[in-house]
Amino acid sequence: FSFRLVYIFSYNLFQFCGHTWILANTIARFLTFGQDALADTFYSVGFVMSLCQLLSNLEIYHITDGIEKARLLPRFIQVMEKNILLIMVIMLEEIQSKHVVCVQFFLWNTLDLLR
C-alpha cells in the first residue's frame, strides 16, 4: 500500500468516526432528555465537532496536493463557511445554548456522513 492511500483512508475513517459519534450522541441525548438536550448540545459535542472541523481544513491540502480529485473553490468555500460559523458559535457564548446549534450540528454531521 502506498503512504497516500493509507493516509487518506485513515483521515476519512477518523472523520467518519467523529461525525458518527457526534450524530449518535446528539440523537441519543435528544431521545433521552427531550427538549432539554437541545440547550447543551454544544457543551456535550463541541470539542469533537471543533476537532473534526479543524481536521477538515486538510481537505483543501488534499485537493491542492492531488491526493483527492475535487474542485478546489467549492470545497474551500464549504470549509471556510463552516469554520466561520463554528468560530461564531464558540465566541458568542449566548448562542451556544440555543436550539439552532443542535440543528446546525445535526445537519452538518448528516451531510458530512453522506459526503
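Residues numbered from 1 in each chain as written. Predicted model: local features only at pLDDT ≥ 70, side-chain atom pairs only at ≥ 80, totals over all residues. Heavy atoms only, no water.

(A) Structural view of the confidence of the model for the protein. When pLDDT is averaged along the protein, the result is 90; 100% of the residues meet or exceed 70. When pLDDT is averaged over each element of the protein, helix H4 (residues 58-65) comes out on top at 93 and helix H2 (residues 36-39) at the bottom at 80. (pLDDT = per-residue confidence, 0-100. Helix = DSSP H or I, 4+ residues; strand = E, 2+ residues; numbered from the N terminus.)

(B) Quick peek at empty space enclosed by the protein. Going through the model one piece at a time under the given rule, you end up with one cavity of 30 Å³ or more. Quantified by volume, the largest cavity comes out at close to 70 Å³. Along its surface, the largest cavity is lined by Gln15, His19, Gln53, Ser56, Glu59, Gln78, Val79, Lys82, Asp112 and Arg115. Tallying contributions element by element places helix H5 (residues 72-91) first for the lining of the largest cavity, with three residues. Residue classes in the lining of the largest cavity are distributed as one nonpolar, five polar and four charged. (1 Å grid on protein atoms, 1.4 Å probe; cavity = no way out; pocket = protein on both sides within 12 Å on 5 of 7 lines; lining within 4 Å. Points joined across faces, edges and corners; volume = space filled by probe spheres on them. Nonpolar A, V, L, I, M, F, W, Y, C, P; charged D, E, K, R; others polar.)

(C) Quick look at the side chain of Arg75. Its place among the elements puts Arg75 in helix H5. Of the residues examined, Arg75 reaches a relative accessible area of 13% and is grouped as buried. Within the structure, the side chain of Arg75 is placed 2.9 Å from the side chain of Glu68, a separation counted as a polar contact. Residues in contact with Arg75, not counting those within four places in the same chain, are Glu59, Ile63, Glu68, Ala70 and Arg115. (Buried < 20%, exposed > 50% of the residue type's maximum accessible area, 1.4 Å probe, protein only. Polar contact = N/O pair within 3.5 Å; in protein donor to acceptor, adjacent residues only side chain to side chain. Contact = heavy atoms within 4.5 Å.)

(D) Structural view of the packing of aromatic side chains. Counted by the stated rule, this structure contains four aromatic pairs. Arranged with centres 6.1 Å apart and planes meeting at 75 degrees, the rings of Phe42 and Tyr43 form a pair that is edge-to-face. Among the residues examined, Phe42 registers a relative accessible area of 11% and is labelled buried. Ring pairing ties together the aromatic residues Phe42, Tyr43, Phe105 and Trp108, which thus form one cluster. (Phe/Tyr/Trp six-rings, centres within 6.5 Å; stacked < 30°, edge-to-face > 60°.)

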